[in-house]
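Chain by chain, the residues:
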Amino acid sequence: MAEELNGLVIPQHVALILDGNGRWAKKRGLPRTAGHKKGCEAVENIVEVAARMGIRYLTVYGFSTENWKRPEEEVSTLMQLFRFYAKRLQKIAMANNVRVRMIGERSRFAPDLQKAIEGLETSTKDNTGLTFVIAVNYGGRDEITRAVRRMTQDAKNGIIEPSDITEETVASYLDTAGMPDPDLMIRTSGELRLSNYLLWQLAYAEFYVTDCLWPDFDREELENAIRAFNRRDRRFGGIKTNG
Ligand code: IPE
Ligand code: IPE
Ligand code: MG
């Protein structure tokens with residue numbers, strides 16, 4: 001699972017629910033969109049921090065399948081921010097040997113945004129450091145539904161045999177195929193729910209919730225989460241596996 005850094009076990013895969021952009025803005029009497037912009041800057045920063053710490057996979061929840069229900073104006077601002085930050089992320093990824101990958105159902109995005117996503121993935125695919133995974137138009141139930149659809153189609157076409165389907169088969173049909181499951185899931189802004197995030201993959205992740213609002217999340221906050229992770233007894237359904 002791990003490399004040691006200053007005596008701490010660094011989780012291989014950290015999953016993040018970045019929540020609280022709106023509350024951050026409200027506290028300052030600013031529009032919600034100002035919180036989203038500041039939130040994007042916090043994402044840029046944490047990608048570099050995670051890459052330097054030696055985390056292998058960092059998955060962030062950027063936009064859920066349910067977030068389309070937000071006011072049209074907020075959704076369109078978020079799309080504009082994705083456009084802008086996709087370009088910046090390209091530079092940051094190349095400078096930090098980061099490979100970028102998107103999960104979620106991308107056909108709902110504007111064609112230019114889909115192209116930008118593909119460009120990011122293709123141009124960074126040979127980088128060997130951190131894999132930065134962005135979940136956009138992502139929902140765990142939607143991901144599983146799409147996987148079931150493809151799996152049953154393959155069964156119908158004789159490519160797979162229903163009785164041969166294992167947990168590994170199911171995992172290989174998910175958007176996260178080939179990635180290890182998260183060891184640590186962090187949610188900012190204090191909410192104690194999963195909001196349809198990585199339902200299959202988080203089966204045994206340790207959860208860490210902080211009251212810190214996402215735009216304020218920084219290296220120190222990530223280190224606090226990793227320290228807390230190091231104090232946990234990992235169980236995986238059996239008996240204690242560490243310490
Ligand atoms: C998280 O912040 C960003 C997205 C979900 C896009 P929110 O926008 O959910 O902020 P709060 O929860 O309203 O504070
Ligand atoms: C979860 O945050 C989704 C993302 C961070 C993209 P939300 O703010 O949308 O979740 P709920 O509505 O509080 O469950
Ligand atoms: Mg929220």
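Everything discussed here concerns the structure shown above.
Residues numbered from 1 in each chain as written. Chains lettered and ligands numbered in written order. Predicted model: local features only at pLDDT ≥ 70, side-chain atom pairs only at ≥ 80, totals over all residues. Heavy atoms only, no water.

1. Quick word on the overall build of the protein chain
How we decide: Strands are runs of DSSP state E lasting at least two residues, helices are runs of H or I lasting at least four, and both sets are numbered from the N terminus onward. With C-alpha atoms as the basis for the radius of gyration, the globule rule is written as 2.2 Å multiplied by the number of residues raised to the power 0.38. To sort residues, take the accessible area from a 1.4 Å probe on protein chains only and compare it with the maximum for the residue type: under 20% means buried, over 50% means exposed, and anything in between is partly exposed. Here a residue-residue contact requires only that any non-hydrogen atoms of the pair lie within 4.5 Å. Using a 1.4 Å probe, accessible areas were evaluated by the Shrake-Rupley method; residue-level cover was limited to the displayed protein chains. Counting rule applied: Lys, Arg positive; Asp, Glu negative; His and chain ends not counted. Charge coordinates come from a single atom per side chain, which is NZ of Lys, CZ of Arg, CG of Asp or CD of Glu.
Across its full length, the protein chain holds seven helices and eight strands. Rg of the C-alpha trace for the protein chain: 18 Å, near the compact-globule value of 18 Å for 243 residues, within the 12% margin. Its C-alpha atoms give the protein chain principal-axis dimensions of roughly 55 × 50 × 35 Å. Relative to its full complement of 243 residues, the protein chain shows a buried share of 48%. By sequence separation, contacts in the protein chain at least 24 residues apart represent 75% of the contacts at least 6 residues apart. For the protein chain, the accessible area works out to roughly 12,600 Å², and carbon and sulfur atoms hold 50% of it. Seen as two clouds, the 35 positive and the 34 negative side-chain charges of the protein chain have centres 4 Å apart.

2. Remarks on the site of ligand 2
Heads up, the condition is: Residues are labelled near a given molecule or strand when at least one of their non-hydrogen atoms is within 4 Å of it. By the criterion applied in these results, polar contacts are pairs of N or O atoms within 3.5 Å in which, for protein atoms, one can donate a hydrogen and the other can accept it, and in which residues neighboring in sequence qualify only through two side-chain atoms. Residue polarity follows a fixed list, in which Ala, Val, Leu, Ile, Met, Phe, Trp, Tyr, Cys and Pro are nonpolar, Asp, Glu, Lys and Arg are charged, and the others, Gly among them, are polar.
Taken together, Ile17, Leu18, Asp19, Tyr61, Gly62, Phe63, Ser64, Asn67, Arg70, Arg187, Arg193 and Ser195 make up all the residues around ligand 2. The contact in question runs from an oxygen atom of ligand 2 to an N or O atom on the side chain of Asp19, over 3.1 Å. With respect to ligand 2, the side chain of Arg193 contributes an N or O atom lying 2.8 Å from an oxygen atom. Here the element with the most residues in the shell around ligand 2 is strand β4 (residues 57-64); it accounts for four residues. Looking at the shell around ligand 2 residue by residue, the class counts come to four nonpolar, four polar and four charged.

3. Brief notes about the environment of Ala93
In this fold, Ala93 is placed in helix α3 (residues 72-95). A sequence separation of 27 residues divides Ala93 from Glu66, and the C-alpha atoms of the two residues are 28 Å apart. Residue contacts for Ala93: discarding those within four places in its chain leaves Val98, Val100, Thr124 and Asn127.

4. Some remarks on the sheet that holds β4
Basically, it comes down to this: Paired strands, as defined in this entry, are two strands with at least two bridges between them according to DSSP. Structural elements are reduced to axes, namely lines fitted to C-alpha atoms, with helices fitted over the stretch in contact, and the angle between N-to-C directions of any two is expressed from 0 to 180 degrees.
Reading across the sheet, the six strands line up as β5-β6-β4-β3-β7-β8 and stay open at both edges, with parallel pairing between neighbours. Only two strands of the sheet have a single partner each, and these edge strands are β5 (99-103) and β8 (206-209). When the angles between neighbouring strand axes are averaged without regard to direction, this sheet yields 20°. Running over the sheet, α3 touches β4, β5 and β6 (131-138) and is turned about 160° from β4. Against the sheet, helix α7 (residues 219-231) contacts β7 (184-187) and β8, and its axis sits at roughly 135° relative to β7.

5. A look at the site of ligand 1
Taken together, Leu18, Asp19, Gly20, Asn21, Gly22, Arg23, Arg32, His36, Gly62, Asn67 and Arg70 make up the full set of residues near ligand 1. Contact between ligand 1 and Arg32: an oxygen atom at 2.9 Å from a side-chain N or O atom of the residue. For ligand 1, an oxygen atom lies 2.7 Å from a polar atom in the side chain of Arg70. Look at ligand 1: alone it shows 380 Å² of surface, and the protein chains cover 87% of it. Of all the elements in the fold, those that place two or more residues in the shell around ligand 1 are α1 (21-27) and α2 (32-53). In terms of residues, the shell around ligand 1 owes the most to one element, α1, which gives three residues. Tallied by class, the residues present in the shell around ligand 1 amount to one nonpolar, six polar and four charged.

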